[in-house]
Amino acid sequence: MEVAEEWPEPIVRVQTLADAEAVPERYIKPPSERPNLNPGTALAPSETGSLPVIDLAGLSGGAAERRATMLAVSDACRDWGFFQVVNHGVSPELMEGMREVWTAFFRLPMAEKQAYANSPKTFEGYGSRLGVKKGAILDWGDYFFLQLSPHSIRNYDKWPVLPASLSRAMTESYGEELEKLCGVIKKVLSATLGLDEEFLHRAFGEAGACLRVNYYPKCPQPDLTLGLSPHSDPGGMTVLLTDHHVKGLQVRKGDDWITVEPVPGALIVNIGDQIQVLTNATYKSVEHRVVVNAATERLSMAFFFNPNDDLPIQPAAELVTPEAPPLYKRLTFKEYKLFMRMLGPRGKSHVDFVKPT
Ligand code: OGA
Ligand code: NI
C-alpha cells in the first residue's frame, strides 16, 4: 500500500457546517449505521452494566489490594476492552488545562487553523477526515493530530503556536504523564497474562505515542450521522480524556452500543489491535463510536500509545499452543496502521487483514 500525498477531494471543516439547517449528504449514514438516539426498546444500564471504574491507588496498597486491582483491570479488558481509571496519577490541573487550551484552538478564526491543515502523508495537523477513499461518507468531526514519541519524529513545525495559552510545554508534560500511566498498565496487563511484567514493554520496544484532539461540532440532525464511525483503535492502547458534561462515546457490548458515562476526573483506557495480536486475542480491542448532538460541541483527547513502528508484532510465543494456534500473522505497526489511514474507521475489519491465510 502506498500512502496518498493528498486528500482525494477538497476538505470541508465540519465546524463550518455546525449552523447549517441540515446535515449535507456526505455525512448521512445509511439507515443501518445511524445511531438510534431514542432507543425505546434498548436495555437500561442496569441490564447491560456500565464500564468498570478502577481505582489505581489499589496498585500501591497491600498485596491483596494490589492483586484485586490487577484482577479488576484484567476482567475489564476481557469483558469490555475498556475501563475508566481514577487515582491514575495524571494531574487534574494538567487535564483541565489541556481541555481549555485545545478548545481555544478550535475556536480560533478558520484562517489560523488552516495554517496547520494536514495531509494523509503523516496525518499531523488539523484534519477533518480519516481514510482517503474518494466519495466516502464522512464523520461529523474535525481533529488535530500530533506525534509525541519517539522524540526523533516530533515535528514542532506542525504544533500550533496559537492561541498563546497553548504552550508546547503543557502538551509535552501531558504526554509524559500519560506515557507513565501506560507504562503502569502495560505491566499490569503483562502480569495478568501470566507473563513477566516486562513482556509488553519488550514487545513494544521504544514506544510511539500520539495525540488526537477530537472536536465534534454540534450537529443539526444528530440521528443521521456519527462523530466517529465504529472502529477499534489500531495501536497498543488508548487513554481518552473526555468531557464529563457531554456524553458521546459508545462502546460495543454484544449487539448493543453502551453510552459511556464519564466519571469526573477519570480517564478512559482501551485496548488496541496490537495488544489483541500480541496476546493472541486474550485481550481484545473493542469497537466504539461517537454520537453527536444538536445542543453542544464536544472535545475529547485520545492519547495513542503504540509499539515501535518497525518492530514485528505477532502473538507471543508463550500464548501460542497446539490448542491455541496463532490467530494473526506478523506485521509491523507501521504496516498495520496503513489500513486505518487508507480505509478510515471500519469496525474491526482491519484485524481481519492480519489473520493467517
Ligand atoms: C478515537 C476515539 C472517542 C471519543 O479518537 O479513536 O475513539 O470520544 N475517540 O472522541
Ligand atoms: Ni477510538
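First, a word on what this report is: a plain description of the structure on this page. (Residues numbered from 1 in each chain as written. Chains lettered and ligands numbered in written order. Predicted model: local features only at pLDDT ≥ 70, side-chain atom pairs only at ≥ 80, totals over all residues. Heavy atoms only, no water.)

## Quick word on the overall build of the protein
The condition is simple: Where helices and strands are cited, they refer to DSSP runs of H or I of at least four residues and of E of at least two residues respectively, numbered from the N terminus. Just to be clear, the radius of gyration here is over C-alpha atoms, and the globule rule we use is 2.2 Å times residues to the power 0.38. By the convention used here, residues are in contact when the closest approach between their heavy atoms is within 4.5 Å. Every accessible area reported is derived by Shrake-Rupley at a probe size of 1.4 Å, with residue values counting cover from the shown protein chains alone. His is not counted here, nor are the chain ends, while Lys and Arg score as positive and Asp and Glu score as negative. Here the site of a charge means NZ on Lys, CZ on Arg, CG on Asp, or CD on Glu.
What the protein contains, in helices and strands, is 9 helices and 14 strands. Computed over its C-alpha atoms, the radius of gyration of the protein comes to 20 Å, within 12% of the 21 Å expected for a compact globule of 357 residues. Taking the principal axes of the C-alpha coordinates as reference, the protein spans close to 55 × 50 × 45 Å. Put simply, of all contacts in the protein between residues at least 6 apart along the chain, 79% involve residues at least 24 apart. Summed over all atoms, the accessible surface of the protein reaches about 15,600 Å², with 53% contributed by carbon and sulfur. Here the protein carries 37 positive and 44 negative side-chain charges, and the mean point of each set is 4 Å from the other.

## What about the pattern of salt bridges?
Threshold: We define a salt bridge as a side-chain nitrogen of Lys or Arg found within 4 Å of a carboxyl oxygen belonging to Asp or Glu. Relative accessible area decides the class of each residue, using a 1.4 Å probe on protein chains only: under 20% of the type maximum gives buried, over 50% gives exposed, and in between gives partly exposed.
Taken as a whole, this structure holds 15 salt bridges when the rule is applied. When the shortest N-O distance is used, the salt bridge between Glu-9 and Arg-26 registers 3.0 Å. Here the residue Glu-9 occupies a position in the segment before α1 (45-48), and Arg-26 occupies one in the segment before α1, the gap between them amounting to 17 residues. A relative accessible area of 15% means that Glu-9 is categorised as buried.

## Regarding the site of ligand 1
Applied cut-off: Any residue with a heavy atom lying within 4 Å of a molecule or strand is counted as near it. Pairs of N or O atoms are called polar contacts if they sit within 3.5 Å, as long as, within protein, a hydrogen donor faces a hydrogen acceptor (for residues adjacent in sequence, only side-chain-to-side-chain pairs). Residues were grouped as follows: Ala, Val, Leu, Ile, Met, Phe, Trp, Tyr, Cys and Pro as nonpolar; Asp, Glu, Lys and Arg as charged; and all remaining residues, including Gly, as polar.
Arg-212, Tyr-216, His-288, Arg-298 and Ser-300 are the nearest of the 14 residues found near ligand 1. Measuring from an oxygen atom of ligand 1, one finds a side-chain N or O atom of Asp-233 at 3.2 Å. The contact in question runs from an oxygen atom of ligand 1 to an N or O atom on the side chain of Ser-300, over 2.6 Å. Contact with the protein chains removes 98% of the 290 Å² of surface that ligand 1 exposes when unbound. Within the residue set of the shell around ligand 1, elements represented by two or more residues are β5 (208-216), β6 (228-231), β11 (288-290) and β12 (298-306). Take the shell around ligand 1: its biggest share by element is 4 residues, from β12. Residue composition of the shell around ligand 1, grouped by class: 7 nonpolar, 4 polar and 3 charged.

## Focus: the sheet that holds strand β7 (residues 237-241)
Applicable threshold: Here the rule is simple: two strands pair whenever DSSP picks up at least two bridges between them. For every element, the axis is a line fit to its C-alpha atoms; helices are fit only across the contacting stretch, and the angle between N-to-C directions ranges from 0 to 180 degrees.
Pairing is mixed across the open sheet formed by 8 strands, whose spatial order is β1-β2-β10-β7-β12-β5-β4-β3. Every interior strand has two partners, whereas the edge strands, β1 (53-55) and β3 (125-127), have only one. This sheet shows a mean twist of 25° between the axes of neighbouring strands, independent of strand direction. Here strand β4 (residues 142-149) pairs with β5 via 7 bridges, running antiparallel. Paired with Tyr-143 across the strands is Asn-214, a residue of β5. Along the sheet, helix α3 (residues 92-106) makes contact with β3, β4, β5, β7, β10 (267-271) and β12, crossing β12 at roughly 115°.

## Remarks on the nonpolar core
Nonpolar side chains in soluble globular proteins tend to be buried together. The test is simple: We define the nonpolar core as a collection of buried residues of types Ala, Val, Leu, Ile, Met, Phe, Trp, Tyr and Cys that are connected through side-chain atoms lying within 4.5 Å of one another.
By size, the foremost hydrophobic cluster in this structure holds 68 residues, and its most contacted members are Trp-102, Tyr-174 and Leu-267. Look past the residues within four positions of Trp-102 in its chain and what remains in contact with it is Phe-144, Leu-146, Pro-160, Leu-166, Thr-171, Val-213, Leu-299 and Met-301. Core analysis: the next-biggest nonpolar cluster, separate from the first, contains 20 residues, Trp-80, Val-251, Ala-302 and Met-342 among them.

## A short note on the packing of α3 against helix α5 (residues 168-192)
Where we set the bar: Here the angle decides the label: under 35 degrees means roughly parallel, over 145 means roughly antiparallel, 65 to 115 means roughly perpendicular, and every other value means oblique. Note on convention: near helix rotated counterclockwise from far helix by under a right angle means a left-handed crossing. Clockwise means right-handed.
Running from amino to carboxyl end, α3 crosses α5 at an angle of 135°, the nearest separation of the two axes being 10 Å. Regarding the angle of α3 to α5, the classification is oblique. Handedness of the α3/α5 crossing: left-handed. Taking contact as the criterion, the partners of Leu-94, Met-95, Gly-97, Met-98, Val-101 and Trp-102 in α3 are, on α5, Met-170, Thr-171, Ser-173, Tyr-174 and Glu-177. In the contact of α3 with α5, the residues fall into 7 nonpolar, 3 polar and 1 charged.

## Observations regarding the sheet that holds strand β8 (residues 249-253)
With antiparallel pairing, 4 strands are arranged side by side in an open sheet as β6-β11-β8-β9. A strand with exactly one partner marks an edge of an open sheet, and here the two such strands are β6 and β9 (256-259). Averaged over all pairs of adjacent strands, the angle between strand axes in this sheet comes to 25°, irrespective of strand direction. Taken together, the 2 bridges between β6 and β11 define a ladder with antiparallel strand orientation. Counterpart to His-231 in the pairing with β11 is His-288.

## Some details on the packing of helix α2 (residues 63-79) against α5
The relative placement of two packed helices is expressed as an angle between their axes plus a distance between the axes. Axis separation between α2 and α5 bottoms out at 9 Å; the angle between their running directions is 80°. In terms of orientation, α2 and α5 fall into the roughly perpendicular class. Between α2, through Met-70, Val-73, Ser-74, Cys-77 and Arg-78, and α5, the contact on the second element is made entirely by Val-188, Leu-189, Ala-191 and Thr-192.

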